[in-house]
Amino acid sequence: MDFHRLLADRTERMEASAIREILKVASQPEVVSLAGGLPAAESFPLDLLPGLLDAVVRKYGAASLQYDASEGFMPLREALLPHLAARGVTTTVDQVLITSGSQGALDGIGKTFLSPGDIVAVEAPTYLGALQAFTPYQPRYAQVEADDDGLVPASLDAVLSAGGVKLIYAVPTFQNPTGRTLSIERRHRVAEILRRHDALLVEDDPYSDLRYVGERVPPIHSLAPDHVIYLTTLSKTFSPGLRLGVCVASPEAFRWLVIARQGVDLHTGTLGQALASEYLAGGYLDERLPGIVEFYRPRREAMLTTLERTMPEGVRWTQPEGGMFIWVTGPAGLDADRLYEATLARGVAFVPGRHFYADAPPHDGGGLPADATSTFRMNFTAAEPAVIERAVEVIAEAMHEALRAQASS
Ligand SMILES: Cc1ncc(COP(=O)(O)O)c(C=O)c1O
């Protein structure tokens, strides 16, 4: 059968991304992968699971296997309130929506707010999964410039002043893919810009619990709650497989987001939500978190010190205070795609950076920045420190070779 003629207009826009191919290759056992973004299996509370399950069965019985409210399992929504408040997100239970991962929230937001042709403002570069969630709703993208302190407020202001922006999507803390964090000063400026333009920001915050150095910064939600839909997830600190995302939205947005997700999956799995509510309410997340942070800390250090020791002159990289990723920018002319091929041949994978840029035409504040093709993302949470060191050494060797070849041609 010719399925192609049956596809909806939006389906063709969902093209299998090149990055999925990269992740497939990178997952082969002979490849050391710095490409993915998986939490380490050691961070999962497997030892607690029988006890959590037992408590769930005793407390909730058959309700833990039953259909439940689209808004989410009430004990989990309640258990999240102090957790959110400790992170600077003050809210009430009727504004907390549980989604199927934060990815589910991103899809619901696209469905609720985006008509074909609407503009979504995103950081350059941005989280690819958000682009994949929004693109089927056929928006256009406008790119907001970013530097080491995160998105540049003047650039956001200019993009909003140009008009037509339906929503802004940003990962202000330990961004995926760069690891950058928006400074406090800039958070205040962004809040002021949101209020002035009466604009809506989707603040995606999966990583702020994974802080290795420095002080916690307030979420933008705390500075302009009426203008922010705040997303976080239990994927990085409990289990990604249970698909538990958290969305905090003002009452009106909340109402539409609930309606939007009813037609998709009715609700997030009840048993997983019940387990999470026991994990949170029992204080286990707070108890476990320092151990998870300590587990990842040497991995980040291994990557940073090996970069320092091995990288050729002219190469720059971010110094993330948390999260899972480091972003490398090569000297002008370095081709990250060719570098990827060269290091893959030696058994090491990363993700070339150009995949993380929205496809925005230059007149919409887009087009690839000049240095985008020399960038790449490396994950430091999934491999042991010694493996990370060796992998970065391999990348550095390939880079030295590429730059020597460039110089002599
Ligand atoms: C910035 C960002 N947002 C959302 C997600 C998706 O997380 P979840 O597992 O909650 O769907 C990720 C996962 O890597 C991410 O990096």
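For the structure itself, look to the data block above.
Basis of the calculations
Residues numbered from 1 in each chain as written. Predicted model: local features only at pLDDT ≥ 70, side-chain atom pairs only at ≥ 80, totals over all residues. Heavy atoms only, no water. Helix = DSSP H or I, 4+ residues; strand = E, 2+ residues; numbered from the N terminus. Buried < 20%, exposed > 50% of the residue type's maximum accessible area, 1.4 Å probe, protein only. Contact = heavy atoms within 4.5 Å. Areas by Shrake-Rupley, 256 points an atom, 1.4 Å probe, with all protein chains shown as cover. Lys, Arg positive; Asp, Glu negative; His and termini not counted. Charge placed at Lys NZ, Arg CZ, Asp CG, Glu CD. Expected span 1.5 Å × (residues − 1). Bend = angle between axes of the 7 residues up to and from the residue. Pairing = 2+ DSSP bridges. Axes fitted to C-alpha atoms, helices over the stretch in contact; angles between N-to-C directions. Parallel < 35°, antiparallel > 145°, perpendicular 65-115°, else oblique. Left-handed = near helix turned anticlockwise from the far one by under 90°. Nonpolar A, V, L, I, M, F, W, Y, C, P; charged D, E, K, R; others polar. Arc of directions from axis to C-beta. Polar contact = N/O pair within 3.5 Å; in protein donor to acceptor, adjacent residues only side chain to side chain. Patch = residues over 30% accessible without salt bridge, like charges linked within 9 Å, V, L, I, M, F, W, Y side chains within 5 Å. Salt bridge = Lys/Arg side-chain N within 4 Å of Asp/Glu carboxyl O.

Secondary structure summary: the chain contains 13 helices and 15 strands in total. Each principal axis of the C-alpha atoms in the chain carries an extent, and together these give about 70 × 55 × 50 Å. Out of the 409 residues belonging to the chain, those deemed buried represent 54%. Of all intrachain contacts in the chain linking residues separated by at least 6 positions in sequence, the fraction that spans at least 24 positions is 75%. Of the accessible surface of the chain, which amounts to about 17700 Å², a share of 54% is contributed by carbon and sulfur atoms. Averaging the coordinates of the 36 positive side-chain charges in the chain and doing the same for the 51 negative ones gives two points 2 Å apart.

An α-helix turns once per 3.6 residues; consequently, residues spaced three or four apart project the same way. Taking 1.5 Å of rise per residue, 13 residues should cover 18 Å, and helix 4 (residues 74–86) covers 19 Å from first to last C-alpha, within 8% of that figure. Largest kink in helix 4: about 25°, centred on Leu80, with the proline Pro82 one to four residues after it. Listing the buried residues of helix 4 in full gives Leu76, Arg77, Ala79, Leu80, His83 and Leu84. In this structure, the buried side of helix 4 is in contact with strand 2 (96–100), strand 9 (228–233), strand 10 (244–248), helix 9 (251–265), helix 10 (270–281) and helix 11 (284–310). Residue Gly88 follows helix 4 closely and has a positive phi angle near 95°.

Here we come to the sheet that holds strand 15 (residues 375–379). As summarised here, the arrangement of the 4 strands in space is 11-12-15-14, forming an open sheet in which the pairing is antiparallel. Two strands in the sheet have a free side with no partner beyond their single neighbour: strand 11 (316–317) and strand 14 (351–352).

Moving on, we get to the packing of helix 12 (residues 336–344) against helix 13 (residues 385–408). Axis angle and axis distance: for two packed helices, these are the angle between their axes and the distance between the axes, and together they describe the pair. Following both chains from N to C, one finds helix 12 and helix 13 inclined at 125°, their axes separated by 9 Å at the closest point. What the angle tells us is that helix 12 and helix 13 run oblique. The hand of the helix 12/helix 13 crossing is right-handed. Where helix 12 approaches helix 13, its residues Leu339, Ala342 and Thr343 are matched on the opposing element by Val394, Ile395, Ala398 and Met399. Here the residues of the contact of helix 12 with helix 13 sort into 6 nonpolar, 1 polar and no charged.

Right, let's talk about helix 12 for a bit. Along helix 12, the residues that are buried comprise Ala336, Leu339, Tyr340 and Thr343. In a view along the axis of helix 12, the buried residues occupy a sector of 105°, so they form one face of it. In helix 12, those exposed residues whose orientation departs by more than 90 degrees from the buried face are Arg338 and Glu341. With a side-chain oxygen positioned 2.9 Å from the backbone nitrogen of Asp337, the residue opening helix 12 is Asp335.

Residues Leu53, Val57, Leu65 and Leu271 make up a contiguous nonpolar surface patch of roughly 370 Å² in combined accessible area. Turning to its location among the elements, Leu53 is positioned in helix 3 (residues 49–60).

A word on the pattern of salt bridges. All told, the structure shown has 19 salt bridges when counted by the stated rule. One salt bridge in this structure joins Lys59 and Glu278, with 2.8 Å as the shortest N-O distance. With Lys59 in helix 3 and Glu278 in helix 10, this residue pair connects regions lying 219 residues apart in the sequence. The buried category is assigned to Glu278, whose relative accessible area is 10%. Put simply, Arg390 and Glu393 hold a salt bridge, and the shortest N to O gap is 2.9 Å. Placement of both Arg390 and Glu393 in helix 13 is noted, with a separation of 3 residues, approximately one turn of the helix. Beyond isolated ion pairs, a larger network of salt bridges with shared partners links Arg309, Arg390, Glu393 and Glu397.

In this section: unusual backbone geometry. With glycine set apart, most residues show a phi of negative sign, and most peptide bonds adopt trans. Look at the link from Ala124 to Pro125: it is a cis peptide, with omega at 0°. For Pro125, the position within the fold is in the loop between strand 3 (119–123) and helix 6 (128–134). In the segment running from Asn176 into Pro177, the intervening peptide bond is cis, with an omega of 20°. With respect to the helices and strands, Pro177 occurs in the loop between strand 7 (165–170) and helix 8 (184–197). You will see that Arg243, though not glycine, has its phi angle at about 55°, which is positive. With respect to the element layout, Arg243 can be found in the loop between strand 9 and strand 10. A relative accessible area of 35% means that Arg243 is categorised as partly exposed. One non-glycine residue, Leu266, lies in positive phi territory at about 60°.

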